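# Chain and residue survey
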Amino acid sequence: MSYRNEEYHIYNGVNFTEHSGIDFSKYSIEELKTLWRATLKKGMHGICFSMYEDGQEPGDTITEAQVERRVKILKPYSKWVRSFSCIEGNEHIPRIAHKHGMKTLVGAWLSDNKEDNEKEIEGLIQLAKEGVVDIAAVGNEVLYRNDLTLEELLEYIRRVKEALPGIPVGYVDAYYEFSVHPELVEISDVILSNCYPYWEGCHVDGALNHMQQMFGQVIDAAKGKKVIITETGWPSEGGSLKGAFSSEENAMKYFINTQVWSTKADIEVFYFSSFDESWKTGDEGDVGAYWGLWDKHEKLKF
């Protein structure tokens, strides 16, 4: 596996090495699939857990057996698993992942429903006290969705930090939110950033470099605090956005480049996502259902 090395870059005084990724121009589709499989087999830092089978959606209660089955599929390929909620069966994810020797980034899903928010916060604290939370994430893209005010969000984060001394606590949002809201950086132990070149309409050939720039912006905003990329990925089919085209070929290229770069640069990345989920076709359109490395039948795609 070779890639074109670039010169050493400086981003606002923060040094990190970046490269433009593998030159895929001479790869056939079959060779690309072979490389994709080999890259996956080498293992990832982290994977985002896809909870729902066909016919299921958020609000449905998920059984331990379903979570156990999916955790067992993911375990050979990833050291960490990321969950997004602490209720309706999502609480099984960190417990079962820990049982199988995986580390966990556990999220409390916050929205404009204050009653559910209380259940999520209490659930996150309970799981952490059980010893199955390695990093706690209080909310996911809450500011991006305008579900809560900044002060409301900060108060939830304060509550969790006070309840869980000794466990790193952060908040997940799009990379630029940490530049816009330095209060998030100040209160967080770790900066949890989503970086999606696809959603900014970037052509796959420039996607790795674009993600490096996103990461660089968060590094600058983080003021020395650790930054983790909590989501990045590419859909294998569905609609497209500007120069970003959904295809199996592009999904394979982006996954390979992300893993090569993050391993080389020692950057912790949670890839999005594990399994295709048919329910995810709302705001995202049909493309939302095709972000998995595995299909909706839990079979590897390529």
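The preceding data block contains the structure.
Residues numbered from 1 in each chain as written. Predicted model: local features only at pLDDT ≥ 70, side-chain atom pairs only at ≥ 80, totals over all residues. Heavy atoms only, no water.

Bringing the overall build of the protein into the picture now. In terms of regular secondary structure, the protein is built from 10 helices and 10 strands. Its C-alpha atoms give the protein a radius of gyration of 18 Å, within 12% of the compact-globule value 19 Å for 302 residues. Expressed as lengths along the three principal axes of its C-alpha atoms, the size of the protein is roughly 55 × 45 × 35 Å. Residues classed as buried in the protein amount to 55% of the 302 residues present. (Helix = DSSP H or I, 4+ residues; strand = E, 2+ residues; numbered from the N terminus. Rg over C-alpha atoms; globule rule 2.2 N^0.38 Å. Buried < 20%, exposed > 50% of the residue type's maximum accessible area, 1.4 Å probe, protein only.)

Within this structure, the stated rule accounts for 18 salt bridges. As a salt-bridge pair, Glu68 and Lys99 come within 2.8 Å of each other at their nearest N and O atoms. Here Glu68 is found in helix α2 (residues 64-74), whereas its partner Lys99 is found in helix α3 (residues 92-99), with 31 residues between them in sequence. Among the charged side chains, a salt-bridge network with shared partners connects Glu53, Arg69, Arg70 and Glu298. (Salt bridge = Lys/Arg side-chain N within 4 Å of Asp/Glu carboxyl O.)

In this section: the packing of aromatic side chains. Overall, the coordinates contain 19 aromatic pairs when judged by the stated rule. Judged by centre distance (5.6 Å) and plane angle (45°), the ring pair of Phe275 and Trp294 falls under tilted. Linking Phe275 in the segment after β10 (269-271) with Trp294 in the segment after β10, this pair joins segments that are 19 residues apart in sequence. Pair check on accessibility: Phe275 and Trp294 agree, each one buried. Aromatic ring contacts, followed pair by pair, group Phe84, Tyr196, Tyr198, Trp199, Trp234, Tyr254, Phe272 and Trp291 into a single cluster. (Phe/Tyr/Trp six-rings, centres within 6.5 Å; stacked < 30°, edge-to-face > 60°.)

Our next topic: α2. Residues of α2 that are buried: Gln66, Val67, Glu68, Arg70, Val71 and Leu74. Contacts made by the buried residues of α2 are with β3 (44-48), β4 (78-83) and α3. (Contact = heavy atoms within 4.5 Å.)

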